[in-house]
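Tertiary structure, described
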Amino acid sequence: MGTLSIGVFSSLVGSMNLDFAIRLAQTAINKGHTVNLWLSGNATTLSKDKQKEFKDYSHLDKILRDLMGKGLSVVSCEACNQSRGIQKEDLIGGINRASMDLYLANSAQSDRVLHIGVE
Amino acid sequence: MGTLSIGVFSSLVGSMNLDFAIRLAQTAINKGHTVNLWLSGNATTLSKDKQKEFKDYSHLDKILRDLMGKGLSVVSCEACNQSRGIQKEDLIGGINRASMDLYLANSAQSDRVLHIGVE
Amino acid sequence: MRLALFYSDLRGIESIYNRITAHELGVFLVSNGIYHAVLKENGKPSPILDKKDATFYILKEDLETRGFSDNEVDKRVKVIAYDDLVDLIMDKYEKLAWL
Amino acid sequence: MRLALFYSDLRGIESIYNRITAHELGVFLVSNGIYHAVLKENGKPSPILDKKDATFYILKEDLETRGFSDNEVDKRVKVIAYDDLVDLIMDKYEKLAWL
Amino acid sequence: MGELKNKIMFVVQRPPYKSEDPKLALTHALSSGVTSIHIDEEIVPTVAFIGDGVLNCIKDQKSMEAYGITSNERHIKNMLATDTKTLVCKEDIERLGIKEDRLIDASDMGAEMTIKVVPFNEILKEMEANDHLMFF
Amino acid sequence: MGELKNKIMFVVQRPPYKSEDPKLALTHALSSGVTSIHIDEEIVPTVAFIGDGVLNCIKDQKSMEAYGITSNERHIKNMLATDTKTLVCKEDIERLGIKEDRLIDASDMGAEMTIKVVPFNEILKEMEANDHLMFF
């Protein structure tokens, strides 16, 4: 079993890249791999709590919480959050707020890194 | 003097389309025009309060408040906000939360409409 | 119609742009659209400037943000500020489209 | 190197893609990249499928989301699910790049 | 303020599922029907798909099955069911090799309106005939 | 878990100011210098600009004057000042007609490192030599 770090910059709603990342993380965790998820740029919109579920939009809140319960480590960029008005207390419980150096350190310790650096 | 409706879908940080829209609104208002701003999709990230100012990122909170003081009408899409976890009490004071039918009605009553429908 | 087209990107919107015509057509190079007025890709100016009967404008702020200055702009394109932009869209062009 | 390239869009990334080579190269058509396996623009299959010595995969979920099914996929491309994708990137390819 | 400019054209120029734009174009167009709570006259929407935006019109989109998200197809069907004039550019579907029988229809919802395949020139004429344009 | 994979390459493929990606590439690369609070060994970053991403390297970016936002130029200068290996693709700057004297340099900050213009082939070799790739 290996370690996979996934970094994403894409918004919660839009490109569906976060849907992809979460599904990938889920599948990898179910196979016994270790997965780290780094949310930066507009992807920090995923870390905001109280997302209301609409069938029209990506709604990843529940599955994210479920995966964190199974060991998914989620880190959300501190400055990216702050610039968007998302405070520490606004985060989904269990998400760690930190800087990109933690993502790089995790990446260096991972077998695979998939960085999705687009909107 | 005329009425201009501007609709934007672009995120607060990223394409700088919101910087463009706000600067356009500011210039139009200073010339005596009436301006309506509609924030939908990822542009609803602009309506969140408590944005921290970093020189690295677009920070439009102050100028938006200033323009609202000068008559800029700002409406932010209700469902777009909710799906992103942004509650009514999280909005910058003075921003109205409503649905797209209000934008369309405003547009029908405007001399000009600039719809910026990209990320 | 009197149409203002906002050309906002470097790639991907030419095909639609090329097919749009109007009695009076203003093309506003904004955001990454500004590159069309200053780059000579493969030695040639951007084909988007060949559009017939169009008037070309470029937004000074967006030009300078990306490291270019007035004297690098293709002669067919007029450098304008937000002030001019507001006058043009409120007075001259009746419909606006952001590509 | 053993490289997995994620081809995620319909336009704008060909020029970089065309220049990347690797000892062992997997091309994963995901998101709007899936159109390259199912559309025949101007009557021809996408030139991105002509890349030498590459193995092509397409993500079933992304294909079906956009209204296409397995039988419309170019014969050079293998339809995979998330399950296969995880095995391929964890076992076969050592470096991953998202275009 | 002049007279009401109530003809609004929604032009979808981008493919689905890469951005929210096409879906928002459809929800915006659909909401034309409820603007009467704000203004007296009704807004008349026209929707046109051009460029790679025509890819929104391909049927059998299974985003709900694959990702649990309503498809753009569902929104287009709703739009057709409300008798919204819906155009798709002939040159673009031909260029991309999309046959007309691959286009969405809403006959299963009892809609009489269908997506109309027209040359770009007719879409241009429609742009002339509308008061405001919104490009998505 | 195997040995530390500490050579990370940051590849910038998109132009500036249309998305946050290129700026985030630079801030991510810069933060390599402070990862020692998490792991023992240092991370060695390499940055490469390819495709339209080379447009990030044009100097005199006045985003601060025009919009009050730090320019990507400022970030590139910071990066050069920390001696980060920085490559720009020769074929791409030639294709876009960008002369080498239009590229950013950080000599005013006392940097000895400059942006190195190299053929795509050398960037490929660099990709081979790095442990992980991050495309922006």
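Keep in mind the model is a prediction, meaning the values are calculated, not measured.

Further remarks concern the overall build of chain C. Across its full length, chain C carries four helices and seven strands. Listing every helix and strand of chain C by position from the N terminus yields β-α-β-α-β-β-β-α-β-α-β. Over its C-alpha trace chain C gives a radius of gyration of 13 Å, about what one expects of a compact globule, namely 13 Å for 99 residues. If one aligns the C-alpha atoms of chain C with their principal axes, the spans along those axes are about 35 × 30 × 20 Å. Per-residue burial for chain C yields a buried fraction of 61% across its 99 residues. The long-range share in chain C, meaning contacts at least 24 apart out of those at least 6 apart in sequence, stands at 59%. Looking at chain C as shown, the accessible area adds up to about 3,700 Å², and 47% of this sits on carbon and sulfur atoms. Taken as two groups, the 14 positive and 17 negative side-chain charges of chain C have centres that lie 7 Å from each other.

Take the environment of His115(A) next. Relative to the assigned elements, His115(A) resides in strand E5 (residues 112–116). By relative accessible area, His115(A) is classed as buried at 1%. Taking the C-alpha atoms as reference points, His115(A) and Leu24(A), 91 residues apart in sequence, are found 13 Å from one another. The contact partners of His115(A), leaving out residues within four places of it in the chain, are Gly7(A), Phe9(A), Tyr103(A), Trp98(D), Met134(F), Phe135(F) and Phe136(F). At 2.8 Å, the side chain of His115(A) and the side chain of Tyr103(A) are in polar contact.

Here the focus is the relation of the copies chain A and chain B. Overlaying chain A on chain B yields an RMSD of 0.0 Å, the required transformation being a rotation through 180° with an accompanying axial translation of 0.0 Å. On the angle and the small slide along the axis, the relation comes out as a two-fold axis. No C-alpha of chain A approaches the rotation axis more nearly than that of Glu119(A), which lies at 4.0 Å. By residue overlap, the copies meet face to face through one surface: 100% of the interface positions of chain A are interface positions in chain B.

Turning next to the interface of chain A and chain B. Contacts between the two partners involve 22 residues from chain A and, on the opposite side, 22 residues from chain B. Scanning the region where chain A abuts chain B turns up zero salt bridges. Among the residues forming the side of chain A that touches chain B, the class breakdown is seven nonpolar, eight polar and seven charged.

Within the largest apolar cluster, 275 residues are counted, with the highest numbers of intra-cluster contacts made by Phe20(A), Phe20(B), Phe6(C) and Phe6(D). Here Phe6(C) is in contact with Phe20(B), Leu114(B), Phe28(C), Val30(C), Leu85(C), Ile89(C), Leu96(C), Ala97(C), Trp98(C) and Leu99(C), once residues within four sequence places are set aside.

Looking now at the sheet that holds strand E1 (residues 7–12) of chain F. Residue and element names in this part refer to chain F. Within the open sheet, the five strands sit side by side as E4-E3-E2-E1-E5. Their pairing is parallel. The outermost strands of the open sheet, each flanked by one partner alone, are strand E4 (116–118) and strand E5 (132–135). Taking the axes of each pair of neighbouring strands and ignoring which way they run, one obtains an average angle of 25° across the sheet. Here six bridges tie E1 to strand E2 (residues 44–49), and the two strands are oriented parallel to one another. Among the inter-strand pairings, valine 11 is bridged to a residue of E2, identified as alanine 48.

The next point concerns unusual backbone geometry. Residues other than glycine seldom take positive phi values, yet Met16(B) does so here, at roughly 65°. Structurally, Met16(B) is set in the loop between strand E1 (3–8) and helix H1 (17–30).

Note on placement: Ser32(E) falls in the loop between helix H1 (21–30) and strand E2 (44–49). For Ser32(E), a relative accessible area of 1% gives the class buried. In this structure the side chain of Ser32(E) is engaged in a polar contact, spanning 2.7 Å, whose partner is the backbone oxygen of Ala29(E). Ignoring sequence-local partners within four residues, the contact set of Ser32(E) consists of Leu104(B), Phe10(E), Ile43(E) and Pro45(E).

This part is about the packing of aromatic side chains. The full count for this structure, using the stated rule, is 28 aromatic pairs over all chains. Residues Phe20(A) and Phe6(D) carry aromatic rings whose centres are separated by 6.2 Å and whose planes lie at 75° to one another, so their mutual orientation is edge-to-face. Taken together, the residues span two chains, with Phe20(A) in helix H1 (residues 17–30) and Phe6(D) in strand E1 (residues 2–7). A relative accessible area of 0% places Phe6(D) in the buried class. Arranged with centres 5.8 Å apart and planes meeting at 75°, the rings of Phe54(A) and Tyr57(A) form a pair that is edge-to-face. A relative accessible area of 22% places Phe54(A) in the partly exposed class. Through a chain of ring-to-ring contacts, the aromatic side chains of Phe20(A), Phe6(D), Phe28(D), Tyr57(D), Tyr82(D), Tyr93(D), Trp98(D) and Tyr67(E) assemble into a single cluster. It is Arg19(C) that lies over the ring of Phe120(E); its NZ or CZ is 4.7 Å from the centre.

Looking now at the sheet that holds E1(D). The strands making up a sheet are joined through hydrogen bonds of the backbone, oriented either antiparallel or parallel. Residue and element names in this part refer to chain D. The strand order across the open sheet formed by five strands is E6-E5-E2-E1-E7, and the pairing between neighbours is parallel. With one partner strand each, in any of the chains shown, strand E6 (77–80) and strand E7 (95–98) form the two edges of the open sheet. Between one strand and the next, the sheet's axes are offset by a mean angle of 25°, whatever the strand orientation. Strand direction decides the pairing type here: E1 and E7, joined by four bridges, are parallel. Residue pairing across strands places alanine 4 opposite leucine 96, the latter belonging to E7.

Right, let's talk about helix H3 (residues 72–81) of chain E for a bit. Residue and element names in this part refer to chain E. Extensive coverage of H3 is indicated by the burial of seven of its ten residues. Listed in full, the buried residues belonging to H3 are Asn72, Glu73, His75, Ile76, Lys77, Met79 and Leu80. Looking at the packing, one finds that the buried side of H3 touches H1, E2 and strand E3 (85–89). Within two residues after H3, aspartate 83 carries a phi angle of roughly 60°, on the positive side.

Below, the discussion takes up the confidence of the model for chain E. With 99% of its residues at a pLDDT of at least 70, chain E reaches an overall mean of 96. Here the predicted complex scores 0.97 on pTM and 0.97 on ipTM.

A word on the layout of surface pockets. Residues and elements named next belong to chain D. Quantified by volume, the second largest pocket comes out at close to 270 Å³. Considering the residues around the second largest pocket, the lining is formed by 14 residues, among which Arg11, His36, Glu41, Ser46 and Pro47 are closest to the centre. Contributions of two or more residues to the lining of the second largest pocket are made by helix H1 (14–19), helix H2 (35–38) and strand E4 (44–45). The residue inventory of the lining of the second largest pocket, partitioned by class, reads six nonpolar, four polar and four charged.

All names here are of chain B. With six of six residues buried, E1 is to be regarded as a mostly interior element. Side chains of E1 alternate between two faces, with Thr3, Ser5 and Gly7 and Leu4, Ile6 and Val8 buried alike. Crossover handedness for the path E1 to H1 to strand E2 (residues 34–39): right-handed.

With that settled, consider the packing of H1(B) against helix H4 (residues 82–92) of chain C. Remark: H1(B) packs on H4(C), axes separated minimally by 9 Å, with the N-to-C direction vectors making an angle of 75°. Judged by the angle between their axes, H1(B) and H4(C) are roughly perpendicular. Of the residues in H4(C), those touching H1(B) at Phe20(B), Arg23(B), Leu24(B), Thr27(B) and Ala28(B) are Tyr82(C), Asp83(C), Leu85(C), Val86(C) and Ile89(C). Of the residues that constitute the contact of H1(B) with H4(C), the class distribution is seven nonpolar, one polar and two charged.

Cut-offs applied
Residues numbered from 1 in each chain as written. Chains lettered and ligands numbered in written order. Predicted model: local features only at pLDDT ≥ 70, side-chain atom pairs only at ≥ 80, totals over all residues. Heavy atoms only, no water. Helix = DSSP H or I, 4+ residues; strand = E, 2+ residues; numbered from the N terminus. Rg over C-alpha atoms; globule rule 2.2 N^0.38 Å. Buried < 20%, exposed > 50% of the residue type's maximum accessible area, 1.4 Å probe, protein only. Contact = heavy atoms within 4.5 Å. Areas by Shrake-Rupley, 256 points an atom, 1.4 Å probe, with all protein chains shown as cover. Lys, Arg positive; Asp, Glu negative; His and termini not counted. Charge placed at Lys NZ, Arg CZ, Asp CG, Glu CD. Polar contact = N/O pair within 3.5 Å; in protein donor to acceptor, adjacent residues only side chain to side chain. Least-squares fit on C-alpha atoms with pLDDT ≥ 70 in both. Salt bridge = Lys/Arg side-chain N within 4 Å of Asp/Glu carboxyl O. Nonpolar A, V, L, I, M, F, W, Y, C, P; charged D, E, K, R; others polar. Core = buried A, V, L, I, M, F, W, Y, C linked by side-chain atoms within 4.5 Å. Pairing = 2+ DSSP bridges. Axes fitted to C-alpha atoms, helices over the stretch in contact; angles between N-to-C directions. Phe/Tyr/Trp six-rings, centres within 6.5 Å; stacked < 30°, edge-to-face > 60°. Lys NZ or Arg CZ within 6 Å of the ring centre and 35° of its normal. pLDDT = per-residue confidence, 0-100. 1 Å grid on protein atoms, 1.4 Å probe; cavity = no way out; pocket = protein on both sides within 12 Å on 5 of 7 lines; lining within 4 Å. Points joined across faces, edges and corners; volume = space filled by probe spheres on them. Right-handed = clockwise from strand over helix to strand, strands pointing away. Parallel < 35°, antiparallel > 145°, perpendicular 65-115°, else oblique.

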